[in-house]
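Close look at the chain arrangement
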Amino acid sequence: MSTLMHRPATRNRPVAPLGSMDAPASGPQVPIRPQPAPPATALGYSPFPLDADAHHFGLTTSTMRLRGGTVVVRHGRRTASDTATVLLHGAAGSWTTWTPLLQAADATGRDLIDLIIPDLPGWGDSPVATDESPSGVESMAELVADAARSLGYERWNVVGHSMGGFIALQLAASEKRATTSVGLVSATTFSIQDSVRHPIRQFSMLPAFTALLLTMRMLQLAGPLGRGLVRAVARLGLLRALVAPLFSRPRAVASTVVAALGTEVRPARFVRAAVRASAYDTAARWAHICCPVRSVHGDHDVFVTADDDERLRAAVPNCVISTIAGAGHFGQIERPLEVLLRLEFADPRSIPAPASQPNTFSKP
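In this text, all values refer to a predicted model and were calculated from it rather than measured experimentally. (Residues numbered from 1 in each chain as written. Predicted model: local features only at pLDDT ≥ 70, side-chain atom pairs only at ≥ 80, totals over all residues. Heavy atoms only, no water.)

1. Re the pattern of salt bridges
According to the stated counting rule, one finds 15 salt bridges in the structure shown. Linking E154 and R155 is a salt bridge whose minimum nitrogen-to-oxygen distance equals 4.0 Å. Residue R155 is classed as partly exposed on the basis of its relative accessible area of 32%. A cluster of three or more residues bridged by salt bridges with shared partners is formed by D194, R197, D307 and R311. (Salt bridge = Lys/Arg side-chain N within 4 Å of Asp/Glu carboxyl O. Buried < 20%, exposed > 50% of the residue type's maximum accessible area, 1.4 Å probe, protein only.)

Put into structure tokens, the structure is as follows:
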């Protein structure tokens, strides 16, 4: 089975200016990376803050003008391989939500290479997509594929968090030959769809998500007043309490994580993404996936249920699901090394996990 870890090539190949991209005019030629933490630190809870400096990770920031819209992409660590590793963030997120995972890989000598980490349309530094058609999931997957090909890659391993997992699965379904493997981190699937379609009747299924969606709808209706309210909550230091359900140990999460969530609260985008996901035909689309799929989520994830696991196994061939102890909805931030191990970025035997976090997979 294909894994998400690529072996470094014997020589590097520079990235040619393919497609329409605007890269920064200046920047260090040699990557400047943070001092690695010892391996034991990487095994702890939320060991790294978010880091918004792409140069720290040997990445270039490019603005790519593609058929489906304009996206800002962090990419780099290029080798001679024609297969990229694509990381897709979730709603109310950006590329920076993956930086703890990159830091955990660097800290334990597991460089992730041939990286493509976009800010999806309407999030992070990317503007709202020009294509606002109802088929939003399909459009975003096409955009990701176009970005990878514009950077010269023919294939990719794709990893998606939350909403990004939805897009990763669509990408695997629509690009069967090009998608080598899929990794899911707390992918929002069936329960989210049911909650959006029937928020009152299905409230008990995912109360945290339904309450969040209703809050976003109200903030959307409030317009600028709603955005001002979010900023006021952040200034008063109440944001950590509001996002607490998303994490297993909210008080231990780095302040940069909380601040980023506050910055990325975009009610209209959140509601639109949820509505489009609810209209997506999961059974018909995901049945076409033929590559290996590995799915992980925290045992305290308020957006993923045991029923989601069973339905995902039934809908997606070659799917292996496991649960990470002591994590909520942001496993790549809360337990980044464990996510690396579970998604086979690294040999699970190379670092023994704590007794409370078994490295075995639950079988379908």
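2. Thoughts on the side chain of T305
Secondary-structure assignment places T305 in the loop between strand 8 (293–298) and helix 12 (306–315). If sequence neighbours within four positions are ignored, T305 has contacts with S191, M205 and L206. (Helix = DSSP H or I, 4+ residues; strand = E, 2+ residues; numbered from the N terminus. Contact = heavy atoms within 4.5 Å.)

3. Here we look at the packing of aromatic side chains
Tallying each qualifying case throughout the model produces 6 aromatic pairs. Taking the centre distance of 5.3 Å and the plane angle of 20 degrees together, the rings of F247 and F330 count as stacked. One end of the pair, F247, is in the loop between helix 8 (239–243) and helix 9 (255–263); the other, F330, is in the loop between strand 9 (319–324) and helix 13 (331–334), and 83 residues separate them in sequence. Like F247, the residue F330 is buried in the burial classification. Among the aromatic residues, ring-to-ring pairing joins F166, F190, Y280 and W286 into one connected group. Sitting over the ring of Y153, R78 keeps its end group 4.0 Å from the ring centre. (Phe/Tyr/Trp six-rings, centres within 6.5 Å; stacked < 30°, edge-to-face > 60°. Lys NZ or Arg CZ within 6 Å of the ring centre and 35° of its normal.)

4. As for the packing of helix 5 (residues 190–197) against helix 10 (residues 267–278)
Between helix 5 and helix 10, the shortest axis-to-axis distance is 8 Å and the interhelical angle comes to 105 degrees. Accordingly, the angle class assigned to the pair helix 5 and helix 10 is roughly perpendicular. Residues Q193, V196 and R197 of helix 5 touch helix 10, and the partners they reach there are A274, V275, A277 and S278. (Axes fitted to C-alpha atoms, helices over the stretch in contact; angles between N-to-C directions. Parallel < 35°, antiparallel > 145°, perpendicular 65-115°, else oblique.)

5. Some points on the packing of helix 5 against helix 12
Remark: helix 5 packs on helix 12, axes separated minimally by 8 Å, with the N-to-C direction vectors making an angle of 110 degrees. Between helix 5 and helix 12, the crossing angle belongs to the class labelled roughly perpendicular. Between helix 5 and helix 12, the residues in contact are F190, S191 and D194 and D308, R311, L312 and A315, respectively. For the contact of helix 5 with helix 12, the class distribution of residues is 3 nonpolar, 1 polar and 3 charged. (Nonpolar A, V, L, I, M, F, W, Y, C, P; charged D, E, K, R; others polar.)

6. Describing the environment of M216
Within the secondary structure layout, M216 lies in helix 6 (residues 207–222). The exposure class of M216 is buried, given its relative accessible area of 6%. The spacing of M216 and V265 is 49 residues in sequence and 8.7 Å in space, taken between C-alpha atoms. Setting aside chain neighbours within four positions, we find M216 in contact with V265, P267, F270 and V271.

7. As for helix 4 (residues 163–174)
Counted at 1.5 Å a residue, the expected span for helix 4 with its 12 residues is 16 Å, and the 17 Å between its end C-alpha atoms agrees. Of all 12 residues in helix 4, 11 are buried; the element is thus mostly enclosed. (Expected span 1.5 Å × (residues − 1).)

8. Considering the nonpolar core
Judged by nonpolar contacts, the single largest core of 71 residues is most densely connected at W156, V182, F247, W286, I289 and L312. Excluding anything up to four places from it in sequence, V182 contacts V158, A168, L169, A172, C291, P292, V293 and R294. By size, the runner-up hydrophobic cluster in this structure holds 25 residues, among which are I117, V159, V185 and V339. (Core = buried A, V, L, I, M, F, W, Y, C linked by side-chain atoms within 4.5 Å.)

9. Remarks on the environment of V128
Summarising the element assignment, V128 is placed in the loop between strand 5 (115–119) and helix 3 (136–150). Between the alpha carbons of V128 and R269 there is a distance of 8.7 Å; along the sequence they are 141 residues apart.

10. Points about the side chain of Q170
Following the sequence through the fold, Q170 ends up in helix 4. With sequence-adjacent residues up to four places away left out, Q170 is seen in contact with V137, E138, A141, Y280, R285 and W286.

11. Some details on the state of the cysteines
Under the counting rule described, the total for this entry stands at 0 disulfides. Take C291: it sits in no disulfide, and the sulfur closest to it among the cysteines is that of C290, at 6.2 Å. (Disulfide = S-S within 2.5 Å.)

12. Description of helix 2 (residues 99–107)
Because an α-helix completes one turn every 3.6 residues, residues spaced three or four positions apart along the sequence face the same direction. The buried count for helix 2 comes to 9 of 9 residues, which makes it a mostly enclosed element. T99, P100, L101, L102, Q103, A104, A105, D106 and A107 are the residues of helix 2 that are buried. At the exit of helix 2 stands G109, carrying a positive phi of roughly 70 degrees.

13. Quick notes on unusual backbone geometry
In this structure, R77 is a non-glycine residue whose phi angle is positive, near 60 degrees. For R77, the position within the fold is in the loop between strand 3 (69–76) and strand 4 (83–88). A positive phi angle, close to 60 degrees, is found at A92, a residue other than glycine. Along the chain, the position of A92 falls in the loop between strand 4 and helix 2. Under the relative-accessibility criterion, A92 is labelled buried at 14%.

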